[in-house]
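The residues making up each chain are set out below.
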Amino acid sequence: MQKVSLLITTYNSKDNLLVTLAGIEEQDYGSIEAVIADGGSKDGTVEVIREFADRHPAAEIDRTAADGQTRTSADSGITVRWISEPDRGLYDAMNKAWAMCTGDIVAVCNDRLCTPDTVSKLVKAIEEGPEGCIGAHSDLVYVDGNRVVRTWHMGEGKLSEGWMPGHPALFLKREIYERYGAYDISYRCAADYEFMVRFLKDGRNRLAYVPEILIAMFYGGTSNAGLRNYLVSFKEGYLALKRNGVPHPLWITVKRTFRVLGQF
């Protein structure tokens, strides 16, 4: 069984973290590594992380930072790695989590896993995927409490058509991070998009697609919190395409924007 590393970033977000961790504990997949990079929270988030680690008693403990531990439990199939220290924002925290992880398959998981078989379905899709398959993605919804604000149904497509997978529902083989690098923290809102452009631009790497809503994303993230962030995201998306040598970056960015607007 391939180990799946779920990268979790937090900063004073105790309530959302509780939902995320509960979803991880409900999974029917038998080898999950929860890797948590906390930015030095003061709202009780660190206590939530400690309690989560304590629910999965350690076979061995290794210090990973001044205020972090690694815990492994053979009974639950869950490994917990975490740190709590200041960072330079979301993408820096994601890079820290990536640096700690040891999984064969890697996904950023800051939201709610909708079903107990979410991880199993995405891993199976990768294992049974087409030639050149390097990962899998699914549909997702953006939620504000119990209200669905937006449904992400991109399906399958091409980058040149304004298509892109939903990053919160993207599971990738470890080799993709090793080959293409992690997140460029010079981007404020679109480092995840720029990361995906890097490995999707030439069309050689293919993703399997699961046509189900498997992830519920907490609304108000870096790229969807207000008009100003939308404008920053538009500009950074254009720069991501241009810097990676993708032809017609402005036209692709416009098409991607209309695809996104159609989801509300």
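Remember, predicted model here, so these are calculated numbers, not experimental data.

**Quick notes on helix H6 (residues 191-200)**
Extensive coverage of H6 is indicated by the burial of 10 of its 10 residues. Taken together, the buried positions of H6 are Ala-191, Asp-192, Tyr-193, Glu-194, Phe-195, Met-196, Val-197, Arg-198, Phe-199 and Leu-200.

**Let's talk about the side chain of His-137**
Here His-137 lies in strand S8 (residues 133-144). A relative accessible area of 3% places His-137 in the buried class. Those residues in contact with His-137 that lie beyond four places of it in its chain are Leu-122, Gly-155, Trp-163, Pro-165, Ala-169, Leu-170, Leu-207, Ala-208, Tyr-209 and Val-210.

**Observations regarding the side chain of Ser-31**
For Ser-31, the location among the structural elements is in the loop between helix H1 (14-25) and strand S2 (32-38). Once residues within four sequence positions are removed from consideration, Ser-31 is found in contact with Met-1, Gln-2, Lys-3, Val-4 and Gly-77.

**Details of the nonpolar core**
Counting 77 residues, the largest nonpolar core has Leu-6, Ile-24, Phe-171, Leu-172, Tyr-193 and Phe-199 as its most contacted members. If one sorts the elements of this core by residue count, H6 sits on top with 7 residues. Residue contacts for Phe-199: discarding those within four places in its chain leaves Ile-134, Leu-170, Leu-172, Ile-176, Tyr-180 and Asn-205.

**A look at H1**
Compared with an ideal rise of 1.5 Å per residue, which puts 12 residues at 16 Å, H1 spans 16 Å between its outermost C-alpha atoms and is within 8% of the ideal. Among the residues of H1, Leu-17, Thr-20, Leu-21, Gly-23 and Ile-24 are the ones counted as buried. Here the buried residues of H1 occupy an arc of 155° about the axis, which is enough to place them on one side.

**Digging into unusual backbone geometry**
For Asn-12, which is not glycine, the phi dihedral falls at a positive 50°. Within the secondary structure layout, Asn-12 lies in the loop between strand S1 (4-10) and H1. Residue classification places Asn-12 among the partly exposed residues on the basis of a relative accessible area of 34%. Positioned with a positive phi, His-248 is a non-glycine residue whose angle comes to about 55°. Residue His-248 is classed as exposed on the basis of its relative accessible area of 60%.

**A few points about the environment of Gly-135**
Of note, Gly-135 is situated in strand S8. Taking the relative accessible area as the measure of exposure, Gly-135 reaches 0% and is therefore buried. For the pair Gly-135 and Val-106, spaced 29 residues apart in sequence, the C-alpha to C-alpha distance is 9.1 Å. Here Gly-135 is in contact with Ile-126, Phe-171, Leu-172, Arg-206, Leu-207 and Ala-208, once residues within four sequence places are set aside.

**Quick notes on the environment of Arg-256**
Following the sequence through the fold, Arg-256 ends up in helix H8 (residues 249-261). In this structure Arg-256 comes out as buried when scored by relative accessible area, which is 10%. With 95 residues separating them in the primary sequence, Arg-256 and Glu-161 have C-alpha atoms 7.5 Å apart. Leave out the neighbours within four places in its chain, and Arg-256 touches Gly-162, Met-164, Tyr-193, Ser-233 and Gly-237.

Rules of the game
Residues numbered from 1 in each chain as written. Predicted model: local features only at pLDDT ≥ 70, side-chain atom pairs only at ≥ 80, totals over all residues. Heavy atoms only, no water. Buried < 20%, exposed > 50% of the residue type's maximum accessible area, 1.4 Å probe, protein only. Helix = DSSP H or I, 4+ residues; strand = E, 2+ residues; numbered from the N terminus. Contact = heavy atoms within 4.5 Å. Core = buried A, V, L, I, M, F, W, Y, C linked by side-chain atoms within 4.5 Å. Expected span 1.5 Å × (residues − 1). Arc of directions from axis to C-beta.

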